[in-house]
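# Architecture at a glance
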Amino acid sequence: MNGYQFFVDPSRCIGCKSCMQACAECDSHRGVSMIHVDFLDRANSIATAPTVCMHCETPTCAMVCPADAIKRGEDGIVRSALEPRCIACSNCVLACPFGVPTVHVELELMMKCDMCYDRTSIGLRPMCATVCPSQALTFGPADLIERQRAARPVRDFQFGHEHVRTKVWMMAPTDVRDITVDVADYMWKEQ
């Protein structure tokens, strides 16, 4: 599927969690979903959004791994930790700006979305994108997505002074060129 890209459109998520179920059914995930569906503002809204690995061009998770267990392929996909190397230290969990990796204590292994590498490497779409009824998760040609959607695909994020470019595209309002995330906006505040 040359030219296909992965797109996340939080405005389309209906919170059905089909993506999580499909992800858990993948043979390589051992019954565990690598996707999270989270409420955006639980106190004031029922809006949800899927969280997948954004596959950063310079993956912080790999940079902080003391066992060199996390690799980014030439295709830009950041793989889950290599089982023989991972020491389950959780450095990757703490370093990821998107909050994606999880350490599974019983397996002593970090696992995260690998964009269904076993499928995408042979020309199939990721499991989550095949079942998402609202196309909040889409794997397709970029030019088609740009023509069909009112939102604009963005893959540049700003976390404080840190710029992060990703392989996965996030759909954003048309006037947004990069998405700025202020962690303080997401911290619990007393009313």
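Above this text sits the structure in question.
The paragraphs below set out a description of the structure included in this document. Source: prediction; values computed, not measured.

Once that is clear, we can look at the pairing of strand E6 (residues 137-141). Residues in a regular strand point their side chains to alternate faces of the sheet. Within E6, 4 of the 5 residues are buried, which leaves it mostly tucked inside the rest of the structure. Summarising the sheet, strand E1 (residues 4-8) and E6 pair through 5 bridges and their orientation is antiparallel. What sits directly across from Gln5, in E6, is Gly140.

Of all hydrophobic cores here, the largest spans 47 residues; its most connected members are Phe6, Val52, Ile70, Phe98, Leu137 and Phe157. At 4 residues, the largest contribution of residues to this core is made by strand E8 (residues 162-172). Setting aside chain neighbours within four positions, we find Phe98 in contact with Thr51, Met54, Cys56, Phe157, Phe159, Val164 and Thr166.

A complete count under the given rule lists 6 aromatic pairs for this structure. Considering the side-chain rings of Tyr4 and Phe139, the 5.8 Å spacing of their centres and the 50 degrees angle between planes classify their relative orientation as tilted. Of this pair, Tyr4 sits in strand E1 while Phe139 sits in strand E6, and the two are 135 residues apart along the sequence. For Tyr4, a relative accessible area of 31% translates into the label partly exposed. Judged by its relative accessible area of 9%, Phe139 falls in the buried class. Relative to Phe159, the ring of Phe157 lies with its centre 6.5 Å away and its plane at 25 degrees, an arrangement referred to as stacked. Both residues of the pair, Phe157 and Phe159, belong to the buried class. Each member of the aromatic cluster is reached from another via a ring pair, and the members are Tyr4, Phe6 and Phe139.

A separate point is the pattern of salt bridges. With the rule as written, the count across this model stands at 9 salt bridges. In this structure, Glu83 engages Arg30 in a salt bridge whose closest nitrogen and oxygen atoms are separated by 2.8 Å. Here Glu83 is found in the loop between helix H2 (60-63) and helix H3 (91-95), whereas its partner Arg30 is found in the loop between helix H1 (18-24) and strand E2 (36-39), with 53 residues between them in sequence. Relative accessible area serves as the criterion here: at 42%, Glu83 is assigned to the partly exposed category. Exposure remark for Arg30: the relative accessible area of 43% places this residue in the partly exposed category. In this structure, Asp75 and Arg79 form a salt bridge, with 3.5 Å as the shortest nitrogen-oxygen distance. For Asp75, a relative accessible area of 33% translates into the label partly exposed.

Looking now at the state of the cysteines. Overall, the coordinates contain 0 disulfides when judged by the stated rule. Not engaged in a disulfide, the cysteine Cys89 finds its nearest cysteine sulfur in Cys65; these two sulfurs lie 6.0 Å apart.

Cut-offs applied
- Along each chain, the written sequence defines residue order, and numbers are assigned to residues from 1.
- The predicted origin of the model limits local features to residues at a pLDDT of at least 70 and limits the giving and counting of side-chain atom pairs to 80 or more, whereas totals for whole chains, interfaces and linings rest on all residues.
- Only hydrogens and water are set aside; all other atoms, that is, all heavy atoms of the structure, feed into the side-chain values.
- Summary of the burial criterion: residues with accessible area below 20% of their type's maximum are buried, those above 50% are exposed, and those between are partly exposed, where the area comes from a 1.4 Å probe applied to protein chains only.
- Secondary structure counts use DSSP, requiring at least four H or I residues in a row for a helix and at least two E residues in a row for a strand, with both numbered from the N terminus.
- Strands are labelled as partners when DSSP assigns at least two bridges between them.
- We call a set of buried Ala, Val, Leu, Ile, Met, Phe, Trp, Tyr and Cys residues a nonpolar core when their side-chain atoms join them within 4.5 Å.
- Two residues qualify as a contact provided that any one of their heavy atoms is within 4.5 Å of a heavy atom in the partner residue.
- Stacked, tilted and edge-to-face are the three classes assigned to paired rings of Phe, Tyr and Trp, where Trp is represented by its six-membered ring and a pair needs centres within 6.5 Å; plane angles under 30 degrees give stacked, over 60 edge-to-face, the rest tilted.
- Each reported salt bridge corresponds to a side-chain nitrogen of Lys or Arg within 4 Å of a carboxyl oxygen of Asp or Glu.
- In this description, the term disulfide denotes a pair of cysteine sulfurs within 2.5 Å.

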